[in-house]
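Working through the structure, step by step
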Amino acid sequence: MSGVKNLTVSEDEGEQRLDKWFKRRFPQLTQGHVEKMCRTGQIRVDGARAKAADRIAPGQTIRVPPLPDTEAPSRSPESRISAADTKLIQNAVLWKDEHIIILNKPAGLPSQGGSGQGDRHVDGLAEALKFGYKEKPKLVHRLDKDTSGLLMLARTDRVARALSEALRHRNTRKIYWALVAGVPHPRQGSIKYGLMKAPGHGRGGEGEKMLCIHPAKMAEFPDAKRAHTDFFTLWFLGTRMSWMALEPVTGRTHQLRAHLAELGHPIIGDGKYGSTAQENMGDGWGAQAGGEMSKKMHLHARSLSVQHPITKEMMTFTAPLPEHMARTWKLLDWNEKDVPADPFESLR
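The model shown is predicted, which means the values in this text are computed figures rather than measured ones. (Residues numbered from 1 in each chain as written. Predicted model: local features only at pLDDT ≥ 70, side-chain atom pairs only at ≥ 80, totals over all residues. Heavy atoms only, no water.)

1. Let's talk about the pattern of salt bridges
Per the stated rule, a full pass over the model turns up 14 salt bridges. Residue glutamate 323 is joined to arginine 327 by a salt bridge in which the shortest nitrogen-to-oxygen separation is 3.4 Å. Of this pair, glutamate 323 and arginine 327 both sit in helix α8 (residues 323-331), four residues apart, roughly one helical turn. One network of salt bridges, with partners in common, ties together Arg142, Asp144, Arg257 and Asp270. (Salt bridge = Lys/Arg side-chain N within 4 Å of Asp/Glu carboxyl O. Helix = DSSP H or I, 4+ residues; strand = E, 2+ residues; numbered from the N terminus.)

So this is what it looks like as structure tokens:
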């Protein structure tokens, strides 16, 4: 066992989750080890207790408790990934160059690890996306486990910092497609409810459920963060359900799911925010549509526009629908070519 150390986060390490920093510095540690040391207060950031998911920044001091002297496994990280998972993550690559990798993340695959997730998540499987580089690519944003679509990874620390900065300053645009219960009125507009964590824990390591706070009451809830979603109804089936385009102007946890549920139009398949019953919820319905339709969540990160951090070229990527949503679209006789790629363009 080594003694207590106080280490400083370097500029090269950039902003990242505390657990990721530990596992890169000390490969012998598992996710469980890091979370236990956080829970028991052995790990501290600038003298304060911290959670494994907290983000750290260059210049902060990390208290590192005595660690086991166990050597890192002799097998390389890539060798611990099954052939099936290697094929899965490599087939998800839509585009890559020497700086960026763009994935079409499958629904059901977490972006990052958490309690009970093991190493089967995009960040863990990224070992199979080195393509000749020494370091695996780094996530610069995330999608919920059950949300499919475009996910961006940086192949170097320099590019990761540049893309993180672009996301913070909203120099990127994301458009999601969703199938929701009911038909919103009006059919296009903005949702500006604030969001704050509810007590308790979510299933599958997703964290707490988010509560919507009316904009006029934000001052009453100091923990609430402002959130803004633009929406556009692309197609609808009677009064039963709608195909919607969503643009998150801010990027809060579960923002799209919570905002649509607050309108009374939960995303089909989202039991967390829409209930699992086929029940009337105000203007909308429950999260399950029944019949031949998949029970998986119908939320997909459809397009991503970003300025390349090195070439400065504006690039737009589009991800095809996942299998379960493609089946639903076929069932409803909806065609991707019948709607505008960017319905918000005229509003700019």
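2. Considerations on empty space enclosed by the protein
Taken as a whole, this structure holds two cavities of 30 Å³ or more when the rule is applied. Estimated volume of the second largest cavity: approximately 30 Å³. Lining the second largest cavity are His141, Leu150, Lys174, Tyr176, Ala301, Ser303 and Leu304. Top element by residues in the lining of the second largest cavity is strand β19 (residues 299-307). It accounts for three residues. The residue inventory of the lining of the second largest cavity, partitioned by class, reads four nonpolar, two polar and one charged. (1 Å grid on protein atoms, 1.4 Å probe; cavity = no way out; pocket = protein on both sides within 12 Å on 5 of 7 lines; lining within 4 Å. Points joined across faces, edges and corners; volume = space filled by probe spheres on them. Nonpolar A, V, L, I, M, F, W, Y, C, P; charged D, E, K, R; others polar.)

3. Some words on the packing of helix α1 (residues 18-25) against helix α2 (residues 31-39)
Where α1 contacts α2, the two axes come as close as 10 Å, and the packing angle between them is 125 degrees. Taken together, the axis directions place α1 and α2 in an arrangement best described as oblique. Our pair here, α1 against α2, has a crossing hand that is right-handed. Seen from α1, the contacting residues are Leu18, Asp19, Lys20, Phe22 and Lys23; seen from α2, they are Gln31, Val34 and Cys38. Considered class by class, the residues forming the contact of α1 with α2 number four nonpolar, one polar and three charged. (Axes fitted to C-alpha atoms, helices over the stretch in contact; angles between N-to-C directions. Parallel < 35°, antiparallel > 145°, perpendicular 65-115°, else oblique. Left-handed = near helix turned anticlockwise from the far one by under 90°. Contact = heavy atoms within 4.5 Å.)

By themselves, these observations are geometric and do not establish any function.
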